[in-house]
Each structure stands twice: as C-alpha cells, then as structure tokens.
Amino acid sequence: MNINERLKKNRAALPLVIVYSISTALVILGKQKLQQWGVDTTVLILGNLLLFLVSLASLLLYQRAMSHPTTIGFLRNTYSGLFLKLLACIVAVLLYVLLAKEHLNKPALLTCIFLYFLYTLLEMRSLLQWNKARRNA
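Conventions adopted
Residues numbered from 1 in each chain as written. Predicted model: local features only at pLDDT ≥ 70, side-chain atom pairs only at ≥ 80, totals over all residues. Heavy atoms only, no water. Axes fitted to C-alpha atoms, helices over the stretch in contact; angles between N-to-C directions. Helix = DSSP H or I, 4+ residues; strand = E, 2+ residues; numbered from the N terminus. Parallel < 35°, antiparallel > 145°, perpendicular 65-115°, else oblique. Contact = heavy atoms within 4.5 Å. Nonpolar A, V, L, I, M, F, W, Y, C, P; charged D, E, K, R; others polar. Expected span 1.5 Å × (residues − 1). Polar contact = N/O pair within 3.5 Å; in protein donor to acceptor, adjacent residues only side chain to side chain. Core = buried A, V, L, I, M, F, W, Y, C linked by side-chain atoms within 4.5 Å. Buried < 20%, exposed > 50% of the residue type's maximum accessible area, 1.4 Å probe, protein only. 1 Å grid on protein atoms, 1.4 Å probe; cavity = no way out; pocket = protein on both sides within 12 Å on 5 of 7 lines; lining within 4 Å. Points joined across faces, edges and corners; volume = space filled by probe spheres on them.

Novice: Looking at this model, I keep getting lost on the packing of helix 5 (residues 71-100) against helix 6 (residues 106-136). Mind explaining?
Specialist: Packed helix pairs are specified by the crossing angle of their axes together with the interaxial distance, meaning the distance between the axes. Where helix 5 meets helix 6, the closest approach of the two axes is 13 Å, and the angle between their N-to-C directions is 170°. When the axes of helix 5 and helix 6 are compared, the pair comes out roughly antiparallel. Residues K85, C89, V93 and Y96 of helix 5 form the contact with helix 6, whose own contacting residues are L109, Y116, Y119, T120 and E123. For the contact of helix 5 with helix 6, the class distribution of residues is six nonpolar, one polar and two charged.

Here is the structure:
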C-alpha cells in the first residue's frame, strides 16, 4: 500500500475524530448544565470514548473487507466489524447496569444510544466515500 492509499484510509476516520472531539468538549463545557438535567457526565464521557474506539476499529475492519479480493474475506471482515461493535456495546451496557443497579442514569444511557447511531451513520458515510474515491483513483 502506497502513502496516498494510507492517507485516504486515515482520512476516512476524520469525521469520527471530529464528532468525538466536539461531543467530549461539549460534555466538559456543559457539565454543570448536564448535571442539572440529571445526566451523569462520567457515563457520557466513557460511553463516548468506547463508541469512538469501537467505531474506529470496525471502520478499519470494513475498509479491510472492501479491499479483500475474496468473498469469504469480505464477509469475515464485515461481520467481524459488526459483531465487535455490537458485543462491545452489549458488554458495556450490561456491566453498567450490573454495577450501577439503582443508580442507573437513563439520560446518559439514552444519549449514548444516540451517539451509537451517530457514529454508525458517520462510519458508513465515511466508508462509502472512501470506497468511491478508491474506485475512481
């Protein structure tokens, strides 16, 4: 893989990095307001970090899938990305529910679910743009 292909692959993750940075900054800057609304900012920051890292990993697996020459390689990498994201989120939610019990913060959990959909949308959009640029090059 030459340097131009590596730069294009890394550029696909830029929207995820931007959303992570902006959302984390908003949580930190709006901490008092969020706490007034009953949102646990620690849960929000940790959930955002987990979603960002898992989205980056699955994006890389999806890119590898799109570049794979065989169908089985494509399917293996695609399902690996999908299951990685799904299982990481399920484990995180179950751990949070078991550890927090009666102190479960529903507003933070619902915000993390929204962030999950946002990261997934950005991940797919970036992947499609990357694939289109790769095919046109």
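Novice: How should I be thinking about helix 6 in this particular structure?
Specialist: Along an α-helix, residues three or four apart share an orientation, since each turn contains 3.6 residues. A rise of 1.5 Å per residue sets the reference length of helix 6, with its 31 residues, at 45 Å; its end C-alpha atoms lie 45 Å apart and thus fit the reference within 8%. Backbone nitrogen of A108 and a side-chain oxygen of the N-cap are separated by 2.9 Å at the start of helix 6; the cap is N105.

Novice: I'm lost on the nonpolar core in this one. Help?
Specialist: In globular proteins that are soluble, nonpolar side chains generally tend to be buried together. Ranked by internal contacts, the top residues of the largest apolar core, which has 14 residues, are L16, L51, L59, Y119 and L127. Secondary-structure elements contributing two or more residues to this core are helix 2 (14-29), helix 4 (41-67) and helix 6. At five residues, the largest contribution of residues to this core is made by helix 6. Ignoring sequence-local partners within four residues, the contact set of L51 consists of C89, C112, L115, Y116 and Y119. Core analysis: the second largest hydrophobic core is formed by 10 residues, L34, Y96, A100 and L109 among them.

Novice: Help me understand the layout of surface pockets in this model?
Specialist: Gaps left between atoms are located by rolling a probe of water-molecule size over the structure's atoms. One number sums up the size of the largest pocket: a volume of about 420 Å³. Lining of the largest pocket is provided by 18 residues; of these, G47, A92, V93, Y96 and L109 occupy positions nearest its centre. Counting residues per element, the ones that place at least two in the lining of the largest pocket are helix 4, helix 5 and helix 6. Approximately 180 Å³ is the volume attributed to the second largest pocket. Forming the boundary of the second largest pocket are V19, I22, S23, L26, V27, L44, N48, T111, F114, L115 and L118. Among the elements of the structure, helix 2, helix 4 and helix 6 are those that each provide at least two residues to the lining of the second largest pocket. Looking at which element gives the most residues to the lining of the second largest pocket, the answer is helix 2, with five residues. Residues belonging to the lining of the second largest pocket are distributed by class as follows: eight nonpolar, three polar and no charged.

Function-wise, these values are silent; they only describe arrangement.
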